[in-house]
Amino acid sequence: MEIGFRGKTALVTGAAHGIGRAIVHGLAARGAQVWACDVLPDTLEETAATAEPGQDGGVHWRVADVGDAAAVARLAAEASEGGAVDILVHSAGGTRGQVGQPVEEVTGEQWQDIFDVNLKGAFNCVRAVAPGMKERGDGRILIISSGAGLSVSLTGIQAYASAKAGQIGLVRQLAHELGPFGVRVNSVAPGFVRSNPTSERQWRSMGVEGQERLMGSIPLRRLGLAEDIANAVMFLVSDYASYISGQTVSVNGGRQ
Ligand SMILES: NC(=O)c1ccc[n+]([C@@H]2O[C@H](COP(=O)([O-])OP(=O)(O)OC[C@H]3O[C@@H](n4cnc5c(N)ncnc54)[C@H](O)[C@@H]3O)[C@@H](O)[C@H]2O)c1
């Protein structure tokens, strides 16, 4: 199976850290013109600089906050100048540097901050690209959710678990709405991946015993890599997945 994206335009959010970066690299290597966005300019630029685009592939990067609907609309308009955005991957998200705390100590701002990037960000991005996809009768939307949205979150952060579960509901609903227009909508739910400063801190804070316990709970006995997540995304946004929509695929080494 050879997956290719020559002639396709892709928009990838959250491209400055591991998973989003691996998705940008995977799409560009297979010939897509990728528009990568994040709020971290330095590491975002590094994503573009370390890409190895294949024939017709390329990476353009823009600083944009996915919680800002106007900024997302501007980015989508710029990316679709030559036609339309064919592929949207919403990977921006995460815990925004927060840690788990008792529910009565969580502030409204903390709750909202996580929702703005994970769930409202997904909504803003889909809203910006859906009209072009519907007009063309083709589009692939992929939202990076999390095992936290399917089960209990290792982070202990209530807003994170809720926003990730919300993304999974959004995927189901959008697949129903956009399917008649030829637009497929899916999600990948990663398990624990050491792909950003927060997950690195979390890994260290587990200590050797906690790390061994986590490894022992994963049937494949290793942690996932950003590339493992990106590979699942490549399949789901490719023509090989042309009859798959509304699904959330766990990529977690078989952990239940
Ligand atoms: N790493 C893990 O263990 C893990 C597990 C399950 C799910 N996920 C999800 O995978 C996705 C990617 O995670 P990651 O590990 O690559 O990095 P991450 O969790 O740090 O977040 C992804 C990126 O989103 C960016 N971002 C944050 N707020 C933004 C905003 N308002 N606008 C635009 N960009 C913004 C961050 O700067 C970061 O580069 C996230 O949605 C995360 O929730 C990660």
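Quick note: structure is the one above.
Every value quoted in this text rests on a predicted model; they were computed, and no experiment measured them.

Caption draft 1: A look at the sheet that holds strand 5 (residues 139-144). Spatially, 3-2-1-4-5-6-7 is the arrangement adopted by the 7 strands of the open sheet, whose pairing is parallel. Every interior strand has two partners, whereas the edge strands, strand 3 (58-63) and strand 7 (248-251), have only one. Strand-to-strand twist across the sheet, computed as the mean angle between neighbouring axes with direction ignored, equals 20°. Note that strand 2 (residues 33-38) and strand 3 share 6 bridges and pair parallel. Each residue of the ladder has a partner; that of Gln33, found in strand 3, is Gly58. Strands strand 2 and strand 3 of the sheet are contacted by helix 2 (residues 41-49), whose axis makes an angle of about 175° with strand 3. Helix 4 (residues 108-136) contacts strand 1 (9-13), strand 4 (87-90), strand 5 and strand 6 (183-190) of the sheet and is inclined by roughly 180° relative to strand 4.

Caption draft 2: Expanded view of the layout of surface pockets. There is about 170 Å³ of room inside the second largest pocket. Lining the second largest pocket are 15 residues, with Thr9, Gln33, Ala79, Gly82 and Gly83 positioned closest to its centre. Every element with two or more residues in the lining of the second largest pocket is listed here: strand 2 and helix 3 (69-79).

Caption draft 3: Representation of the pairing of strand 6 within the structure. Here strand 6 lies mainly inside the structure; 8 of its 8 residues are buried. Alternating positions in strand 6 separate into two faces, Val183, Val185, Ser187 and Ala189 on one and Arg184, Asn186, Val188 and Pro190 on the other, with burial throughout. As judged from the 6 bridges shared by strand 5 and strand 6, these two strands associate in the parallel manner. Paired with Arg140 across the strands is Arg184, a residue of strand 6. Once you follow strand 5 into helix 5 (residues 158-178) and on to strand 6, the crossover reads as right-handed. Pairing of strand 6 with strand 7, which is carried by 4 bridges, proceeds in the parallel orientation.

Caption draft 4: Broad picture of unusual backbone geometry. A positive phi angle, close to 55°, is found at Arg96, a residue other than glycine. Its place among the elements puts Arg96 in the loop between strand 4 and helix 4. The residue Arg221 is not glycine, and still its phi comes out positive at about 55°. Among the secondary structure elements, Arg221 is positioned in the loop between helix 7 (207-216) and helix 8 (226-236).

Caption draft 5: Representation of the packing of helix 1 (residues 18-29) against helix 8 in the model. The N-to-C vectors of helix 1 and helix 8 enclose an angle of 50°; their axes lie 8 Å apart at closest approach. Classified by the angle their axes make, helix 1 and helix 8 are oblique. Considering only the axes of helix 1 and helix 8, their crossing is right-handed. Facing helix 1, whose interface residues are Gly18, Ile19, Ala22, Ile23, Gly26 and Leu27, helix 8 presents Ala226, Glu227, Ile229, Ala230, Val233 and Met234. A class-by-class count of the residues in the contact of helix 1 with helix 8 yields 9 nonpolar, 2 polar and 1 charged.

About the cut-offs
- Counting restarts for each chain, with residues numbered from 1 along the sequence as it is written.
- Given that this is a predicted model, residues contribute local features only at a pLDDT of at least 70 and side-chain atom pairs are listed and counted only at 80 or more, while totals for whole chains, interfaces and linings are drawn from all residues.
- Side-chain measures were taken over the full set of non-hydrogen atoms in the model, leaving aside hydrogen atoms and water.
- Two strands qualify as a pair provided that DSSP identifies no fewer than 2 bridges between them.
- Numbering of helices and strands starts at the N terminus; helices are DSSP runs of H or I of at least 4 residues and strands are runs of E of at least 2.
- Interaxial angle, 0 to 180 degrees, is taken between N-to-C directions of lines fitted to C-alpha atoms, where a helix line uses only the stretch in contact.
- Contact definition: two residues touch when any of their heavy atoms are within 4.5 Å.
- Using a 1 Å grid laid over the protein atoms alone, points where a 1.4 Å probe fits but cannot get out form a cavity; open sets with protein on both sides within 12 Å along at least 5 of 7 lines form a pocket; any residue with an atom within 4 Å of a point counts as lining.
- Grid points are joined across faces, edges and corners, and a volume is the space filled by probe spheres set on the points.
- Only protein chains enter the calculation, and the probe is 1.4 Å; a residue is then buried if its accessible area is under 20% of its type maximum, exposed if over 50%, and partly exposed in between.
- Every crossover in which the path from the first strand over the helix to the second runs clockwise, viewed with the strands pointing away from the viewer, is termed right-handed.
- For this classification, under 35 degrees means roughly parallel, over 145 means roughly antiparallel, 65 to 115 means roughly perpendicular, and everything else is oblique.
- Each helix crossing is assigned a hand: it is left-handed if the near helix lies turned anticlockwise from the far helix by less than a right angle, otherwise right-handed if that turn is clockwise.
- Note on residue categories: nonpolar means Ala, Val, Leu, Ile, Met, Phe, Trp, Tyr, Cys or Pro, charged means Asp, Glu, Lys or Arg, and polar means any other residue, Gly included.

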